[in-house]
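What follows is each chain in one-letter form.
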Amino acid sequence: SHRPTICYRPIQPSDLEVLERLHADIFPIRYEEEFFQNVVHARDIVSWAAVDRSRPNGHSDELIGFVTARIVLAKETEIGDLLIYDPLKPDQTLVYILTLGVVETYRNLGIARSLIRQVIKYASSIPTCHAVYLHVISYNIPAIHLYKKMSFKCIRRLQGFYLINDQHYDSFLFVYYVNGG
Ligand code: ACO
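Residues numbered from 1 in each chain as written. Predicted model: local features only at pLDDT ≥ 70, side-chain atom pairs only at ≥ 80, totals over all residues. Heavy atoms only, no water.

Undergrad: Just checking my understanding: could you explain the sheet that holds strand β7 (residues 167-177) for this structure?
TA: In space, the seven strands of this open sheet follow the order β1-β2-β3-β4-β5-β7-β6, with mixed pairing throughout. The open sheet has two edge strands, β1 (6-9) and β6 (153-164), and neither has a second partner. On average, each strand axis in the sheet is tilted by 25° relative to the strand beside it, whichever way the strands run. The sheet contact formed by strand β5 (residues 129-137) and β7 spans seven bridges and is antiparallel. Within β7, the position partnered with Ala 131 by the bridge is Tyr 177. Contacting β3 (63-73) and β4 (93-102), helix α1 (residues 16-26) runs over the sheet at an angle of about 90° to β3. (Pairing = 2+ DSSP bridges. Helix = DSSP H or I, 4+ residues; strand = E, 2+ residues; numbered from the N terminus. Axes fitted to C-alpha atoms, helices over the stretch in contact; angles between N-to-C directions. Contact = heavy atoms within 4.5 Å.)

The following block contains the structure:
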């Protein structure tokens, strides 16, 4: 097997088809076409792609991993109460991670960790931003390990948060504080 040369870049319109295929392959949840359009056109969404520059035959710019996120107003989220609300700063924000995935053959190489680092770096660069947060389904051991290892704090278990094929599943809410929380 070859030695990958992983690079990170924003997701762009030419990624649409692969992005949709990877989401369909990797997640048990279906995403709307509008979501993918918003990602590739960076409408209210920030994203990073991982690509393997050493792949031959025109695949060297094809997504092998991705993370998508959105900036939200802290007071409009379920964890707004966790931050000390300052009426002088009503514009406090959070970065919410929507989706994160790595193609199976590229797992356990630290790619997800690097993608999350990009999100944390980005959130830290926004002065109004106080945390990065996300939901993960309670049975997803690899993802839970990853977030714990990266010092995310699990602050809540949400009963029946996900509905998949008429089955309810709990989720964990993980938070990583930036800019002093
Ligand atoms: N079992 C236990 N721990 C794991 C596993 C695993 N299978 N995979 C990753 N980890 C942990 C390890 O602690 C690892 O640290 P280490 O290298 O020091 O041991 C750490 O995570 C970082 O691992 P990476 O190599 O960066 O993770 P990878 O690139 O393999 O991607 C991911 C992990 C994204 C969870 C991948 O398995 C995947 O795509 N899974 C399917 C989609 C998914 O579950 N996405 C996250 C859903 S939550 C959300 O989207 C908000």
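Undergrad: Help me out: how do you make sense of the site of the ligand in this one?
TA: With respect to spatial proximity, 23 residues lie near the ligand, and among them Leu 100, Asn 108, Gly 110, Asn 140 and Lys 149 are the closest. At 2.7 Å, a backbone N or O of Gly 110 approaches an oxygen atom of the ligand. Protein chains shield 78% of the accessible area of the ligand, which is 980 Å² for the free molecule. Counting only elements with at least two residues in the shell around the ligand, the list comes to β4, α3 (111-124), β5 and α4 (141-149). Here the shell around the ligand gets six residues from one element, more than from any other, and that element is α4. Grouping the amino acids of the shell around the ligand by side-chain chemistry returns 13 nonpolar, seven polar and three charged. (Near = heavy atom within 4 Å. Polar contact = N/O pair within 3.5 Å; in protein donor to acceptor, adjacent residues only side chain to side chain. Areas by Shrake-Rupley, 256 points an atom, 1.4 Å probe, with all protein chains shown as cover. Nonpolar A, V, L, I, M, F, W, Y, C, P; charged D, E, K, R; others polar.)

Undergrad: Please clarify how unusual backbone geometry should be interpreted in this entry.
TA: When glycine is set aside, most residues are seen to have a negative phi, and most peptide bonds are trans. In this model, Asn 57 sits at a positive phi of 55°, which is unusual for a non-glycine residue. Mapped onto the elements of the fold, Asn 57 is located in the loop between β2 (46-52) and β3. Overall, the relative accessible area of 71% leaves Asn 57 in the exposed class. Despite not being glycine, Asp 166 has its phi angle at roughly 65°, a positive value. As for its placement among the helices and strands, Asp 166 is situated in the loop between β6 and β7. (Buried < 20%, exposed > 50% of the residue type's maximum accessible area, 1.4 Å probe, protein only.)

Undergrad: Mind showing me how you'd approach the environment of Ala 49 here?
TA: Positionally, Ala 49 belongs in strand β2. Its relative accessible area of 0% is what places Ala 49 among the buried residues. Spatially, the C-alpha atoms of Ala 49 and Met 150 are 19 Å apart, while their sequence positions differ by 101 residues. Not counting chain neighbours up to four residues away, the residues in contact with Ala 49 comprise Cys 7, Tyr 8, Arg 9, Pro 10, Ile 11, Leu 63, Gly 65, Phe 66 and Leu 115.

Undergrad: Explanation requested: the side chain of Thr 93 in the structure shown.
TA: Structurally, Thr 93 can be placed in strand β4. Leave out the neighbours within four places in its chain, and Thr 93 touches Ile 71, Val 72, Leu 73, Ala 74, Ile 126, Thr 128, Cys 129, His 130 and Ala 131.

Undergrad: Is there a simple way to think about the nonpolar core in this case?
TA: If you look at soluble globular proteins, the nonpolar side chains tend to sit buried side by side. One finds Val 132, Tyr 147 and Phe 152 to be the most contacted residues of the largest nonpolar core, which totals 48 residues. Here this core gets seven residues from one element, more than from any other, and that element is α3. If we ignore the near neighbours within four places in the chain, the residues touching Tyr 147 are Leu 100, Ile 116, Leu 134, Val 136, Phe 152 and Phe 174. Core analysis: the second largest hydrophobic core is formed by eleven residues, Leu 94, Tyr 96, Ala 131 and Val 175 among them. (Core = buried A, V, L, I, M, F, W, Y, C linked by side-chain atoms within 4.5 Å.)

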